[in-house]
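Spelled out from the first residue to the last, the chains are:
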Amino acid sequence: MENQEQQANAADALTQVIANKLDYLSTMQAAVQHGDDRKIYELLDQVRYYQEVKKTRADRSVNHLAELVDNIHPQISHYLSDKLIDYLGHIYPFFYYEEFTTGMFHIYFGNWWDRRLFGDLDVINVRFEFDKTEYQKLRDSFELEGQGQRLNTSKIEAISAESEKLQELVNAQPKRDNEKTQLREQLKENSGKSSMPWESGKVKTERQEIIDQLTELADADEKALNAHKLIKENDDKILVLSKEDTILNYEKQSIRDAFDDFEHFEAHNASLYADYLNSLLGKSEGEVTVDD
């Protein structure tokens, strides 16, 4: 009898576990059928939903039921992206999205030429995953603006200074040619000097000094021969850096138009999950409105 009672209890426990899973999946299915995206997000992460949306202080135990749909996250993300991207279009009018594979989206900043791939949109978690390098460039650009500089000002100045030195090297060619002629004459005179033992050391030292100067001038000539190529390469580098500064100016203006400043932009990013789900509360099927 005791074994039968234990078996019955085990069956009841297992039945309850299966019922909970079926209930979870049924609730998820109903939410999809009724276009209740808010409910879907609640089912995907109840702990976060209660903490950030309902602002409850009650502890919520993790029931792991959301793991039942882990393997269909791409399809869920694809479905949820429609309303989310519509919402984001109002709040972040300068971001554009490309679904490069099911449920996964690239973020592009702007619709102008040479716009940047700025990161990815995590639909499931309602979160921007910005490219760290590109995002830091934007942040630094805002900070440097207060100093009257652009992101690449110092780089462009350094490259320009290098090009100026190269041009000076080219312009100094006639002067170097004249110096080489004089040094060769000195070398000839040095060769004709007395080779008496007590003077040989001095003559040898003078000769080496002349040779060293000629070698230095020859090195400068070689650099001058490559100068035009290097100047052209520097011009190309400056052009790329200037274009990047121009793009960053477009981006900064877009952020100022929408958020006034970079700090408000970051604040909106941090509260995006709660802001979006609160916008879905009480909305009818397929309807999304944006609260300013």
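Note: the structure precedes this text.
Residues numbered from 1 in each chain as written. Predicted model: local features only at pLDDT ≥ 70, side-chain atom pairs only at ≥ 80, totals over all residues. Heavy atoms only, no water.

Participant: Describe the overall build of the protein chain, and please don't skip the residues or the numbers.
Facilitator: When its secondary structure is counted, the protein chain shows 10 helices and 4 strands. Along the protein chain, from the amino end to the carboxyl end, the secondary structure elements read α-α-α-α-β-β-β-β-α-α-α-α-α-α. Split into buried and exposed, the 292 residues of the protein chain put 34% on the buried side. Within the structure as shown, the protein chain displays about 18,400 Å² of accessible surface, and the carbon and sulfur contribution to it stands at 50%. (Helix = DSSP H or I, 4+ residues; strand = E, 2+ residues; numbered from the N terminus. Buried < 20%, exposed > 50% of the residue type's maximum accessible area, 1.4 Å probe, protein only. Areas by Shrake-Rupley, 256 points an atom, 1.4 Å probe, with all protein chains shown as cover.)

Participant: Please provide a residue-by-residue account of the sheet that holds strand β2 (residues 104–109), values included.
Facilitator: Taken in spatial order, the 4 strands make up an open sheet running β1-β2-β3-β4, and their pairing is antiparallel. On the outer flanks of this sheet lie β1 (95–101) and β4 (127–130), each paired with one strand and no other. For this sheet, the mean angle separating the axes of adjacent strands, direction not counted, is 35 degrees. Summarising the sheet, β1 and β2 pair through 6 bridges and their orientation is antiparallel. Note that in β2 the partner of E98 across the bridge is H106. (Pairing = 2+ DSSP bridges. Axes fitted to C-alpha atoms, helices over the stretch in contact; angles between N-to-C directions.)

Participant: Which residues make up the packing of helix α4 (residues 73–91) against helix α10 (residues 272–280), and what values go with them?
Facilitator: The geometry of α4 relative to α10 is characterised by a closest axis approach of 11 Å and an angle of 105 degrees between their N-to-C directions. It follows from the interaxial angle that α4 and α10 lie roughly perpendicular. Every residue of α10 that contacts α4 at K83, L84, Y87 and L88 is listed here: L272, D275, Y276 and S279. Its residues assigned to classes, the contact of α4 with α10 comprises 5 nonpolar, 1 polar and 2 charged. (Parallel < 35°, antiparallel > 145°, perpendicular 65-115°, else oblique. Contact = heavy atoms within 4.5 Å. Nonpolar A, V, L, I, M, F, W, Y, C, P; charged D, E, K, R; others polar.)

Participant: Break down a nonpolar patch on the surface for me, citing the residues and quoting the values.
Facilitator: Nonpolar side chains collect at one region of the surface, where L14, V17, I18 and L22 lie side by side and expose about 360 Å² of accessible area between them. Counting through the fold element by element, V17 comes out in helix α1 (residues 2–33). Residue classification places V17 among the partly exposed positions, given a relative accessible area of 43%. (Patch = residues over 30% accessible without salt bridge, like charges linked within 9 Å, V, L, I, M, F, W, Y side chains within 5 Å. Salt bridge = Lys/Arg side-chain N within 4 Å of Asp/Glu carboxyl O.)

Participant: Tell me about the pattern of salt bridges, residues and numbers included.
Facilitator: Per the counting criterion, the structure on display carries 14 salt bridges. With a shortest N-O distance of 2.7 Å, R139 and E266 are connected by a salt bridge. Of this pair, R139 sits in helix α5 (residues 132–145) while E266 sits in helix α9 (residues 262–270); the two residues are 127 residues apart in sequence, bridging distant segments of the chain. Judged by relative accessible area, which is 24%, E266 ranks as partly exposed. Salt bridges linked by common partners bring R116, E134, K137, E244 and E251 together as one network.

Participant: Explain the packing of aromatic side chains residue by residue, including any values.
Facilitator: As enumerated under the stated definition, the model contains 29 aromatic pairs in all. We note R48 situated over the ring of Y273; from NZ or CZ to the ring centre the distance is 3.7 Å. Directly above the ring of Y108 sits R115, whose terminal nitrogen or CZ lies 4.5 Å from the centroid. (Phe/Tyr/Trp six-rings, centres within 6.5 Å; stacked < 30°, edge-to-face > 60°. Lys NZ or Arg CZ within 6 Å of the ring centre and 35° of its normal.)

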